[in-house]
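Reading the structure
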Amino acid sequence: MDGESRARARAGGRQPRRSARADPWVLTFEGFDPVDEGRREALCAVGNGYLVTRGASPESRADGVHYPGTYLAGCYNRATSVLDGHDVENEDLINCPNWLPLTFRISDSEAWFGADPTNSIASHRLDLDLRHGVLSRQTLIVDGRGRRTQVLQRRFASLAQPQLAALETVLTPQNWTGRIEIRSALDGTVTNSGVARYHGLTDRHLVPAGQGGDGDELLWLQVRATGSPLHVAVAARTRLRDRTRVSTPWAHETRDGRVAQSIAVEATAGRPITVEKIVAISTSRLPAVDDPLRAVRRLAARADGFESLLRAHATRWDELWRRSHAEVGFADVAGTVHLHLFHLLQTYSEHTVDLDVGMPARGWHGEAYRGHIFWDELFILQSLNLRLPELSRGVLRYRYRRLNAAREAARDAGRRGAMYPWQSASDGTEQAPRTHLNPLSGRWLPDRTHLQRHVGLAVAYNVWQYYQATGDLDFLASAGAEMLLEIARFWSDTATWDQTSGRFGIRGIMGPDEYHDAYPWCERPGIDDNTYTNVLASWTIARALDSLDVLPGYRRDELVERLDLDGGELDRWQEVHRKLFVPFHDGVPSQFAGYERLEELDWNAYRRRYPSIRRLDRILEAEGDTVNRYKASKQADVLMLYYLFSAREVRDLLRRLGYRTGHELLHRTIAYYLPRTVHGSTLSSVVHAWVLARSNRRTSWRFFRDALVGDLHDVQGGTTAEGIHLGAMAGTVDLLQRCYTGLETREDALWLDPHLPEPLDHLDLELRYRGHWGVVVTVTRKEMTVALRSGGAQFPIRVGFRGSLTTVRPGDRHTFTL
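These remarks concern the structure in this document. (Residues numbered from 1 in each chain as written. Predicted model: local features only at pLDDT ≥ 70, side-chain atom pairs only at ≥ 80, totals over all residues. Heavy atoms only, no water.)

**Concerning the sheet that holds strand S2 (residues 46-47)**
Defined as follows: Note: two strands are recorded as paired if DSSP finds a minimum of 2 bridges between them. Runs of E in the DSSP output that reach at least two residues are strands. Runs of H or I that reach at least four are helices, and both are numbered from the N terminus.
An order of S2-S3-S4 is seen for the three strands of this open sheet, with the pairing classed as antiparallel. Edge strands, defined here as strands with exactly one partner in the open sheet, are S2 and strand S4 (70-72). Two elements, strand S3 (residues 51-53) and S4, share three bridges in a ladder whose sense is antiparallel. The residue of S4 that forms the bridge with Leu 51 is Leu 72.

What follows is the structure, encoded as structure tokens:
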């Protein structure tokens, strides 16, 4: 059964329990399904922005069904593999030591639970409490002699003390009395083996650097990365709440990279035995940590008990949810929206801001994409700008700290300015692979995705949108404007004059589509004049010029001097941003120059032949063909412009470039490209839901629902187990927050123009805007209300609605009739 078939089987089989009466704050899985375990482990991960631990059972090992994994934000390692006789270096997010191991056995049994084939699972249930970030497990175990033992467990990664995680285990014999042995361990021998496509590449990133115990209760170990100075230390304090029934004291055992302790307890039928495991995790890259091993031993020894830690942790989640309030007037949607917000908030939190890390495409939930940073923040930061802008600023600071690396990349390419990498990790150098495996053909192929230079345009867009939403002139002056100017400089320098068209062109790149990396009639890599790239480059240059006007005069002069910007260069920017070429064919913008020369695919034939064509590129390559020959897109490309800008703004951008278009352009462009798109990315449904919101609300809602279940139903066929799709998750939240409300931040005002899809009867959002922490937006079918809580900033805000501006003061509200 292929991945897509498994996804469809799951969609029709056991899914998270959701019904009209289900709690929208709890994700529940009933029963144990080995085929589905990887997806559940990713969806049930718990984290705090510093660490994320997958929802694997504590007794499990990486065995093809389970994959325990703990990932620390920004902890990467470089390793070299031999591929087809060549050395290939990759930088991977490290699977850090496994802190979970805790198991038991009845004394006359030889094997521990999890390793005893005679044990069977009579019942099994997982509940992820989204409101408080706690994963609970209820399992009933029956051994080969019919003895029944109930296992109740709760775990969390502390949002109050980010270096702490906790596991509580309650064992209750149901029909037997006797001695039970309990075993707790730390395992530093883990490898990166969670993605089948990477098998054969170097997977061992850690080597032991010591292990041991302190007294009866405390275990510790330390590992170091094989290709960097990174050290990771873990300490665990395992404690019985009721020590009166202890038969033997804790016994310790150690071997290289692993340490364990066990204890024997007298068990009585019906009487629970409670074990607490409090774990501290630290690294050598953490601020204010001199010796990570000393830090974790001290922290684990002095930490409060499970219940006390849980109360503090739950309080912090309550605070976070108040700042992220979103009430959705459609019951089937609310639970998944909470799930998506939950994973966003535990991937990047207040604890991530000072760690100098970016926004990972797959969260810190697995090893897909090697934990790299792509352009996904384009789909994430717009939501955070109006909720938790300090997090957006942290992501943008990550980009600013790598501005010099982007400058060096541009210089190496023979360009001026800053060229940001398609894939980034620790230091901002390009981490996109030069080869990739097609699992359908088994062939390793050239990988040209590093030609997606448009990632720098996404950085520029995020900088300007953050400034528009927050009015943070300090950030613009200290970092944002410099990034804008250097990115604009790169695109101006990259553009070359074409005498035939009388315009500037941009050659040898890839667009967001990702399929087309070369012309079928040309040997050189890349395509020319991608419409999305050219239009966004024009916009970026214009915003860079605007940033000089916004800055205080002295700061503007400093930047002009620092960057050696002279009048001649700025004059060229003015010319380039008004004369970039945009190709057209059949009355719509072409995806790139020469697109009209490509062949039409026999769509009906391929849909009959294959259960899914989401990875059409792999299918065609396995057939000895190439997607470069066809008018077929993996995801939105030209239509991405309508995701970033309103139809009016797109018309204005094209007119400034000298292309006169009418109101019908959006409809023609959708009608042309939508049937030629296979939605091979989870982001594609988000974009199409957005661009269809004003013209076809029913189809927009269908794409929105598709995006909602992308990871929940694993529609990509097995990829969710390797890590969630964070951009798509955040994108669904932003569809509710900005798209269906028509929310824009421009001209120093909050503009709204709601168009709710039919199934939504209301939306209730609480936003932060330019110093105001309580901007409450309520939308129903008949009216929209904007209220400004008192007690915060004392100045009013301007609210725009369908061309007119209204001032709302603190403590006031204004209702608009729809």
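**Re unusual backbone geometry**
Where we set the bar: Here's how the labels work: a residue is buried when its accessible area is under 20% of the maximum for its type, exposed when over 50%, partly exposed in between, all with a 1.4 Å probe on protein chains only.
Its identity as a non-glycine residue notwithstanding, Ala 288 has a phi of 65 degrees, on the positive side. Its location among the elements puts Ala 288 in the loop between strand S18 (273-283) and helix H3 (292-302). For Ala 288, a relative accessible area of 88% puts it in the exposed group. Of note in this structure, Asp 748 is not a glycine but carries a positive phi near 55 degrees. The exposure class assigned to Asp 748 is partly exposed, which follows from its relative accessible area of 47%.

**Examining the pairing of strand S27 (residues 749-752)**
Regular strands have side chains that alternate between both faces of the sheet. Alternating residues of S27 divide into Ala 749 and Trp 751 and Leu 750 and Leu 752, and every residue in both groups is buried. Bridging between S27 and strand S31 (residues 797-801) involves three bridges; their strand directions are parallel. Of the residues in S31, the one forming a bridge with Trp 751 is Gly 800.

**Structural notes on the sheet that holds strand S29 (residues 772-780)**
Inclusion rule: Interaxial angles span 0 to 180 degrees and are taken between N-to-C directions of axes, which are lines fitted to C-alpha atoms, for helices over the stretch in contact.
Strands sit in the order S19-S28-S29-S30-S33 across an open sheet of five strands; the sheet is antiparallel. Lying at the two open borders of the sheet, with one neighbouring strand each, are strand S19 (326-328) and strand S33 (813-817). The sheet shows a mean angle of 15 degrees between the axes of neighbouring strands, taken without regard to direction. Alignment of S29 against strand S30 (residues 783-788), held across five bridges, turns out to be antiparallel. Paired with Val 776 across the two strands is Ala 787, which belongs to S30.

That is the geometry; function is a separate question.
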